Amino acid sequence: MTAPGQDHHQGVFERLPGIVRALVAHHTPDVPAFKGLVITGSDRMRLYLTAPDGSVTYGADVIISHTGPGLLAGITSGYLDNEHDQKPTDDPLCDVVVDLTSY
């Protein structure tokens, strides 16, 4: 018997390899490069991406179970570069944080 929510957590974590694979497989020199991720909650993570010129490292907060083509489109369309959506952070792994939980 599984604990309540365990199936949800397992499903969420099963998505991680596909998300990472999509970020790496679709990378081109003109879009941010995937650097890593940190699980920040039961269905949340922070992706770390570096600007093409290496000047900025973004922390992109996402909901794992909601990630899909919209996330990739947001990253490749320059959504991370929108200064109005960037928030200061005390996270030592990134320069700014962008909320992508709506993707």
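For every chain, the first residue of its written sequence is number 1, and the numbers climb from 1 along that sequence. In keeping with the predicted nature of the model, local features appear solely for residues at pLDDT of at least 70, side-chain atom pairs appear and are counted solely at 80 or more, and the whole-chain, interface and lining totals rest on all residues. Excluding hydrogens and water, the side-chain figures rest on all heavy atoms present in the structure.

Looking at the sheet that holds strand β2 (residues 44–50)
Sheet strands line up and pair through hydrogen bonds in the backbone, either parallel or antiparallel.
Link 1 in the chain: Read from one edge of the open sheet, five strands run β1-β2-β3-β5-β4, paired in mixed fashion. Taken across any chain shown, the strands that pair with only one partner, and hence form the sheet edges, are β1 (33–41) and β4 (86–88). Pairwise comparison of adjacent strand axes, ignoring direction, gives a mean angle of 30° for this sheet.
Link 2 in the chain: Two strands pair if DSSP finds at least two bridges between them. A helix here means a DSSP run of H or I that spans at least four residues, while a strand means a run of E at least two residues long, and both kinds are numbered starting from the N terminus. Relative to β2, β1 runs antiparallel, the two sharing seven bridges. Along β2, the bridge assignment pairs Leu-37 with Leu-47. For helices, the fitted line uses only the C-alpha atoms of the stretch in contact; every axis is such a line through C-alpha atoms, and the angle between N-to-C directions lies from 0 to 180 degrees.

Thoughts on the nonpolar core
When a protein is soluble and globular, its nonpolar side chains tend to lie buried together.
Link 1 in the chain: By size, the foremost hydrophobic cluster in this structure holds 18 residues, and its most contacted members are Met-45, Leu-47, Ile-75, Leu-80 and Leu-100.
Link 2 in the chain: Elements that contribute at least two residues to this core include exactly α1 (6–25), β2, β3 (57–63), α2 (69–76) and β5 (96–99).
Link 3 in the chain: Counting residues per element, this core draws most heavily on α1, at four residues.
Link 4 in the chain: We call two residues in contact whenever any of their non-hydrogen atoms come within 4.5 Å of each other. The contacts of Leu-100, once residues within four sequence positions are left out, are Ala-60, Asp-61, Val-62, Leu-71, Ile-75, Tyr-79 and Leu-80. Only buried residues count toward a nonpolar core, which is a set of Ala, Val, Leu, Ile, Met, Phe, Trp, Tyr and Cys residues joined through side-chain atoms within 4.5 Å. Exposure categories follow from relative accessible area, calculated using a 1.4 Å probe and restricted to protein chains: below 20% of the type maximum is buried, above 50% is exposed, and the middle band is partly exposed.

Examining the pattern of salt bridges
Link 1 in the chain: Salt bridge, as used here, is a side-chain nitrogen of Lys or Arg placed within 4 Å of a carboxyl oxygen of Asp or Glu. Per the counting criterion, the structure on display carries two salt bridges.
Link 2 in the chain: Ionic pairing is found between Asp-61 and Arg-46, a salt bridge with its closest N-O pair at 2.7 Å. With Asp-61 in strand β3 and Arg-46 in strand β2, the pair connects residues that are 15 residues apart, well separated along the chain. In this structure, Asp-61 and Arg-46 share a single accessibility class: buried.
Link 3 in the chain: What emerges from the salt-bridge pattern is a single network uniting Arg-46, Asp-61 and Asp-91.

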